[in-house]
Amino acid sequence: MVTPAEVTLEIKNPVDPTALLQAKAILAELGAGEGLGPILQPPLLKVAHRLGDVYADSTQLVITKEECQAAFDGLTDIERNALVNIHARVTRFAEAQRGSVVDMEIDIPGGKAGHTVSPCQTAGCYAPGGRYPLPSSVIMTAVTARAAGCATVVLASPKPALITKAAAHICNVDIFLGIGGAQAIAAMAYGIDGILETPADVIVGPGNKWVTAAKAIVSGYCGIDMLAGPSEVLVICDDTANAEMVAADLIAQAEHDVVARAILLSTDAKFMAEVEENVQSQVECLPEPNRSTARMAFRQSFAVHCESLDECIVLSDKLAPEHLEIHTRDAHAVAKRCGNYGGIFIGEGAAEVMGDYGAGPNHTLPTGGTGRYTGGLSVFNFLRIRTWMRIDDREASQGCVHDSIVLARCEGLEGHARAAESRSLTVVPAYKK
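Everything in this summary refers to the structure shown in the same document.

Rules and cut-offs
Residues numbered from 1 in each chain as written. Predicted model: local features only at pLDDT ≥ 70, side-chain atom pairs only at ≥ 80, totals over all residues. Heavy atoms only, no water. Helix = DSSP H or I, 4+ residues; strand = E, 2+ residues; numbered from the N terminus. Buried < 20%, exposed > 50% of the residue type's maximum accessible area, 1.4 Å probe, protein only. Contact = heavy atoms within 4.5 Å. Areas by Shrake-Rupley, 256 points an atom, 1.4 Å probe, with all protein chains shown as cover. Lys, Arg positive; Asp, Glu negative; His and termini not counted. Charge placed at Lys NZ, Arg CZ, Asp CG, Glu CD. Pairing = 2+ DSSP bridges. Axes fitted to C-alpha atoms, helices over the stretch in contact; angles between N-to-C directions. Phe/Tyr/Trp six-rings, centres within 6.5 Å; stacked < 30°, edge-to-face > 60°. Lys NZ or Arg CZ within 6 Å of the ring centre and 35° of its normal. Polar contact = N/O pair within 3.5 Å; in protein donor to acceptor, adjacent residues only side chain to side chain. Parallel < 35°, antiparallel > 145°, perpendicular 65-115°, else oblique. Left-handed = near helix turned anticlockwise from the far one by under 90°. Nonpolar A, V, L, I, M, F, W, Y, C, P; charged D, E, K, R; others polar. Salt bridge = Lys/Arg side-chain N within 4 Å of Asp/Glu carboxyl O.

**Quick notes on the overall build of the protein**
Tallying secondary structure elements over the protein gives 16 helices and 13 strands in all. Its C-alpha atoms put the protein at 85 × 60 × 40 Å along the principal axes. Here the protein holds 433 residues, and the buried ones make up 48% of them. Within the protein, residue pairs in contact and separated by at least 24 positions form 70% of the contacts whose partners lie at least 6 positions apart. About 20,500 Å² of surface is accessible on the protein, with carbon and sulfur atoms providing 55% of the total. Across the protein, the 35 positively charged side chains and the 51 negatively charged ones have centroids separated by 7 Å.

Put into structure tokens, the structure is as follows:
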């Protein structure tokens, strides 16, 4: 347990410096970079073999739609229904988001101005493989891109499990690359000769430190959602909270990764002791490797006994956690007072795990305090809001013309001033004098 005074926001660079060097080396080996054209298949397949993305006898980089269909058909009815339900809920939420922002226009002096909302053309979606395949990340990324209106949705995931292929099927991804790591990000960013001729405009989705490093490298050449660090949850509790349930939620976060953080803020010391007891007993019931992972994660997790809910909120806002759970009396009122977080889960029924698995909102959320200034993955990551203006009545626009002349000269930009003067009905442009 730590004191409130000891709690500080740790702003850590999410890009591991060693992983960054390794990612740069991988991109160089692939001949990937701005202006270099698409990546050739032979070097990409060679890297994929060496780094374990594909099976030793594989000669293919693409997972076919037929494979994905077969994987979906091979699920049990319970698994298939769960995927269908989650897909439907995430789709409904994402489509509602898309409908919340529309084209608009207003009158301006002498004409009209407005904005249009349009999707990027190609979305790149990454879903981790490894110990814990994440079909939920397939749905969260691909569904959101499709709801935004992207014409082409590309998915990348190394050695995809059957459930990952099934998720790709229900999301109807256009191209499924069976590769991971920095090489997958490079492939989506720069294209693959003969496979992905139109590179991704935006790349989204969680991944390991090499994925994060590669996203940092390609950022600017294409868009990215965020540079995510270790996952985290913060739970605010009073004496009405359920210790067993809170412990389960903390453990659910801790089993993500050995560097994940589970944080408890409470006004009740007795309750905190009960949570500690429940954490210890529940962790012991986990299978391996989950148990060992959670134990390691709890070494950098902590609890804080606060004097009041006000103090809990102040500390929470300082940390800006990825996931924020509220287990208090009048949880909704408490939640409205919280300012910084990635996603908030209000009341004991709104478990963060339900957000992970498709209640509707996206589970790809900002970590490491970045919730102070940004939000999670949404359709807006794939949308371009672009402004326009036109002048239909030159006489009515003269006030704006003359203001532009004055301000341009205040800024020392004589060419700007003269461009405005060329549209004046009363001022002779300086270049004609």
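**Describing the pairing of strand S9 (residues 261–266)**
Most of S9 is tucked away, with six of its six residues classed as buried. Residues Arg 261, Ile 263 and Leu 265 line one face of S9 and the alternating positions Ala 262, Leu 264 and Ser 266 line the opposite face, and both faces are buried. Pairing between strand S8 (residues 232–237) and S9: six bridges, direction parallel. Paired with Ile 236 across the bridge in S9 is Leu 265. Of the pairings in the sheet, the one linking S9 to strand S10 (residues 302–305) comprises four bridges and is parallel in character. Residue pairing across strands places Ile 263 opposite Phe 302, the latter belonging to S10.

**Re the sheet that holds strand S13 (residues 383–391)**
Read across the sheet, three strands follow the order S1-S2-S13 without closing on themselves; strand pairing throughout is antiparallel. The open sheet terminates on both sides in strands that have one partner only, identified here as strand S1 (104–108) and S13. Ignoring which end each strand starts from, the neighbouring axes of this sheet average 20° apart. Note: strand S2 (residues 111–119) against S13, nine bridges, orientation antiparallel. Among the inter-strand pairings, Ser 118 is bridged to a residue of S13, identified as Arg 384.

**As for the sheet that holds strand S7 (residues 223–224)**
Pairing is parallel in the open sheet, where five strands are placed in the order S5-S4-S3-S6-S7. Looking along the sheet, the strands with just one partner apiece sit at the ends: strand S5 (175–177) and S7. Note that strand S3 (residues 122–126) and strand S4 (residues 152–156) share five bridges and pair parallel. When the sheet's bridge partners are listed, Thr 122 is paired in S4 with Thr 152.

**Observations concerning the packing of aromatic side chains**
Here the structure, examined in full by the defined rule, presents one aromatic pair. When the centroid spacing of 4.8 Å and the interplanar angle of 40° are considered together, the rings of Tyr 190 and Tyr 221 count as tilted. Of this pair, Tyr 190 sits in helix H7 (residues 181–190) while Tyr 221 sits in the loop between helix H8 (209–218) and S7, and the two are 31 residues apart along the sequence. A residue is classified by how much of its surface remains accessible, and Tyr 190, at 6% relative accessible area, is buried. Since its relative accessible area comes to 37%, Tyr 221 is described here as partly exposed. Above the ring of Phe 72, the side-chain terminus of Arg 80 is found at 5.8 Å from the ring centroid.

**Describing the environment of Asn 13**
The residue Asn 13 is located in the segment before helix H1 (17–30) in this model. Residue classification places Asn 13 among the exposed residues on the basis of a relative accessible area of 59%. With 216 residues separating them in the primary sequence, Asn 13 and Gly 229 have C-alpha atoms 8.0 Å apart. A distance of 2.9 Å separates the side chain of Asn 13 from the backbone nitrogen of Val 15, its partner in a polar contact.

**Side note on the packing of H1 against H7**
Running from N to C, H1 and H7 point in directions that differ by 50°, and their axes come no closer than 9 Å. Relative to H7, H1 is oriented oblique. Crossing of H1 over H7 shows right-handed handedness. Each of Ala 23, Ile 26, Leu 27 and Leu 30 in H1 lies in contact with H7, whose residues at this interface are Ala 182, Gln 183, Ala 186 and Tyr 190. A breakdown of the residues in the contact of H1 with H7 according to their chemical character gives seven nonpolar, one polar and no charged.

**What to know about the pattern of salt bridges**
Pairing between side chains of opposite charge can happen when their charged atoms approach one another. Scanning the entire structure with this criterion turns up 15 salt bridges. A salt bridge links Arg 80 to Asp 77; its shortest N-O distance comes to 2.8 Å. Within this pair, Arg 80 and its partner Asp 77 are both found in helix H4 (residues 77–99), separated by three residues, close to a single helical turn. Residue Asp 77 is classed as exposed on the basis of its relative accessible area of 54%.

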